[in-house]
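Fold and geometry: a report
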Amino acid sequence: MSLDPSVFETTVPSRYITFTLPLPHLLLRAAVLDSPSPSASSPSSTAAIWVPQGRESDWIFSTFSGHLQLLLSSPTPLPLSRLILLGNPPSSPIPTSFNSTSPPPPPPQNLAPLLLGLSPKSEFLGHSEIPEVPLLVYEDEVVKSSILEICNGPFVGEFLIENVELKFDDGVTEFRRRLRFKRMPNFVQSQMRIRPKKDSILDNLDDLEFELEKGALVQPYLSPMVAGIAVIHRFLDGKSRPRALCLGVGGGALLGFLADRLHFEVDGVEEDEVVLEAAKRHFGLNNDEFIHLFVEDGIRYLKRVANKYDIVMVDLDSSDVMSGVSAPPVEFVEGSVLRAAREVLRDEGVLVANVIPSSKMFYERLVCEVGEVFEEVYEIDVGNEENLVLIAAKSGVGEGWDGEDSTFLNKLKLVVSCCYIDSIRRISKTR
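To continue, consider the sheet that holds strand β4 (residues 82-87). Taken together, five strands build an open sheet; the order of strands is β1-β2-β4-β3-β6 and the sheet is mixed. At either margin of the open sheet sits one strand with a lone partner, and together these are β1 (16-23) and β6 (135-137). Each neighbouring strand pair of the sheet contributes to a mean axis angle of 25 degrees, computed without reference to strand direction. In this sheet, β4 lies alongside strand β2 (residues 26-34) in antiparallel orientation, the contact comprising six bridges. Its bridge partner being in β4, Ala-31 is matched across the sheet by Leu-85.

For the rest of this paragraph, the subject is the packing of aromatic side chains. Applying the stated criterion across every chain, the model contains seven aromatic pairs. Aromatic pair Phe-8 and Phe-19: ring centres 5.9 Å apart, planes at 45 degrees, arrangement tilted. Remark: Phe-19 occurs in strand β1 and Phe-8 occurs in the segment before β1; sequence separation between them is 11 residues. Taken individually, Phe-8 and Phe-19 each receive the classification buried, so the pair is uniform in this respect. Taking 6.0 Å as the distance between ring centres and 75 degrees as the angle between the ring planes, the aromatic pair formed by Phe-159 and Phe-181 counts as edge-to-face. Here the residue Phe-159 occupies a position in strand β8 (residues 157-167), and Phe-181 occupies one in strand β9 (residues 173-181), the gap between them amounting to 22 residues. Of the two residues examined, Phe-159 and Phe-181, each falls in the buried class.

Let's shift gears to the nonpolar core. Residues Val-226, Ile-229, Leu-258, Leu-262, Phe-264 and Leu-412 are the most contacted members of the largest nonpolar core, which totals 57 residues. In terms of residue count, helix α6 (residues 253-260) provides more of this core than any other element does, six residues in total. Beyond its immediate stretch of four places on either side in the chain, Val-226 contacts Leu-217, Leu-254, Phe-257, Leu-258, Leu-262, Met-313, Leu-412 and Val-416. Counting 33 residues, the second largest nonpolar core, distinct from the first, contains Val-305, Phe-332, Val-337 and Phe-374.

It is worth spelling out a negative patch on the surface at this point. Together, Glu-139, Glu-141, Asp-169 and Asp-170 make up a negatively charged patch on the protein surface. Of note, Glu-139 is situated in the loop between β6 and β7 (142-153). Given the relative accessible area of 68%, Glu-139 is considered exposed.

A few words on empty space enclosed by the protein. As enumerated under the stated definition, the model contains two cavities of 30 Å³ or more in all. For the largest cavity, the full set of lining residues is Pro-328, Phe-332, Leu-338, Leu-351, Ala-353, Leu-366, Val-370, Leu-390 and Ala-392. Counting residues per element, the ones that place at least two in the lining of the largest cavity are β16 (345-355), α10 (360-373) and β18 (388-393). Along the lines of polarity and charge, the residues of the lining of the largest cavity split into nine nonpolar, no polar and no charged. Taken as a whole, the second largest cavity encloses approximately 40 Å³ of empty space. As for the second largest cavity, its lining consists of Arg-29, Val-51, Glu-56, Phe-61, Leu-85, Leu-86, Gly-87, Asn-88 and Pro-90. Class assignment for the residues of the lining of the second largest cavity results in five nonpolar, two polar and two charged.

Here the focus is the layout of surface pockets. Quantified by volume, the largest pocket comes out at close to 1,600 Å³. As for the largest pocket, its lining consists of 50 residues, of which Tyr-138, Asp-140, Asn-186, Phe-187 and Glu-386 are closest to the centre. When residues of the lining of the largest pocket are traced back to their parent elements, those giving at least two are α2 (64-73), β6, β7, β8, β9 and β10 (188-196). In the lining of the largest pocket, the residues fall into 24 nonpolar, 13 polar and 13 charged.

Most of β8 sits inside the fold, with nine of its 11 residues counted as buried. Relative to β8, β7 runs antiparallel, the two sharing 10 bridges. Paired with Ser-145 across the bridge in β8 is Val-164. Bridge analysis of β8 against β9 gives nine bridges, and the strand direction is antiparallel. Residue pairing across strands places Val-164 opposite Arg-176, the latter belonging to β9.

Analysis parameters
Residues numbered from 1 in each chain as written. Predicted model: local features only at pLDDT ≥ 70, side-chain atom pairs only at ≥ 80, totals over all residues. Heavy atoms only, no water. Pairing = 2+ DSSP bridges. Helix = DSSP H or I, 4+ residues; strand = E, 2+ residues; numbered from the N terminus. Axes fitted to C-alpha atoms, helices over the stretch in contact; angles between N-to-C directions. Phe/Tyr/Trp six-rings, centres within 6.5 Å; stacked < 30°, edge-to-face > 60°. Buried < 20%, exposed > 50% of the residue type's maximum accessible area, 1.4 Å probe, protein only. Core = buried A, V, L, I, M, F, W, Y, C linked by side-chain atoms within 4.5 Å. Contact = heavy atoms within 4.5 Å. Patch = residues over 30% accessible without salt bridge, like charges linked within 9 Å, V, L, I, M, F, W, Y side chains within 5 Å. Areas by Shrake-Rupley, 256 points an atom, 1.4 Å probe, with all protein chains shown as cover. Salt bridge = Lys/Arg side-chain N within 4 Å of Asp/Glu carboxyl O. Lys, Arg positive; Asp, Glu negative; His and termini not counted. Charge placed at Lys NZ, Arg CZ, Asp CG, Glu CD. 1 Å grid on protein atoms, 1.4 Å probe; cavity = no way out; pocket = protein on both sides within 12 Å on 5 of 7 lines; lining within 4 Å. Points joined across faces, edges and corners; volume = space filled by probe spheres on them. Nonpolar A, V, L, I, M, F, W, Y, C, P; charged D, E, K, R; others polar.

This is the structure we're talking about:
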């Protein structure tokens with residue numbers, strides 16, 4: 001069945017079209033996605049991405065949700081109304097390994113006529129010359145990857161566990177184990193640093209055996225979340241095992257860090273049992289004397305327990321792919337949920353939440369709602385232009401919380417960067 005080129009002349013919210021096109025010496029796959037929320041007040045903007053060789057079958061490039069996240073996060077001057085992906089056809093639903101230690105071949109020459117043909121007519125309005133569709137290049141630090149297991153959970157859907165080799169701009173190489181959800185394919189849900197057991201580094205990542213480095217937090221926002229505990233450091237002095245509740249477990253790096261490095265007793269709540277089982281197999285997470293795991297919806301758990309915690313850590317992301325990567329879910333912003341979170345805290349307790357705002361309005365609403373329930377609200381800017389950490393104290397901490405050091409604060413400074421503690425900023429005063 002032939003494809004009518006006229007279908008590309010107009011944009012249709014969330015329309016997703018994929019097809020293959022024979023070129024000389026190449027079979028080209030094209031995928032065209034229109035924005036779910038085009039702006040009528042701004043001019044049309046189209047961009048294209050050339051898919052890196054060897055990554056064509058990755059969820060990032062082969063699924064609607066991956067394409068949507070690329071569209072929503074593309075670094076272009078104007079919000080995109082259409083994003084075009086071009087590359088080799090996927091060879092399988094998802095590759096078992098990926099190796100890209102040599103520079104990728106350049107895209108085929110003279111793609112301009114094809115890109116213009118896939119652009120909406122509105123792209124040409126107001127132009128005296130034929131516009132140029134920018135061809136973006138997708139770059140990340142991953143040079144090798146190897147999938148350990150693909151799972152399917154009743155709540156999170158399909159997800160995978162993979163080992164990756166990263167090479168950073170400064171030439172440093174690092175190995176990590178990652179958990180990724182298909183519904184948010186270019187968002188790393190959990191990751192932990194790993195190191196090869198053997199001295200020699202093999203070219204094939206599949207042949208390496210690794211051991212976990214549980215003492216390091218490599219997810220960008222986890223160290224700032226832990227730093228947020230500093231707001232109540234004076235109240236934690238003298239407690240041999242403060243109690244923490246973690247809503248959202250993933251691979252369990254945060255739970256293990258709190259238990260092993262800061263000597264908390266930790267309850268972890270994860271709604272999908274398959275995720276917990278994968279965390280046990282691949283990330284070394286287990287129920288023990290100081291870590292207790294529960295399979296339940298985190299918000300429901302908050303509303304039914306009567307346990308008193310010193311801290312509640314919230315690491316829940318939205319399951320709505322149409323809004324892009326965002327956290328926490330909108331349900332958490334409801335007053336009844338925030339009041340339930342306040343009730344499970346001890347009088348000197350604190351709520352710490354990872355926030356990826358879907359919009360400025362969402363963040364302002366979240367801060368306002370939290371400020372209505374908690375005495376004082378603080379924030380940490382993670383510095384990655386994505387995450388913020390929101391810290392809400394149940395009782396007034398006051399201006400002097402960061403004054404004289406305590407035993408717990410000194411211990412905290414040994415395990416997380418002082419720059420995060422120093423950057424804690426109060427944004428809402430005592431009610």
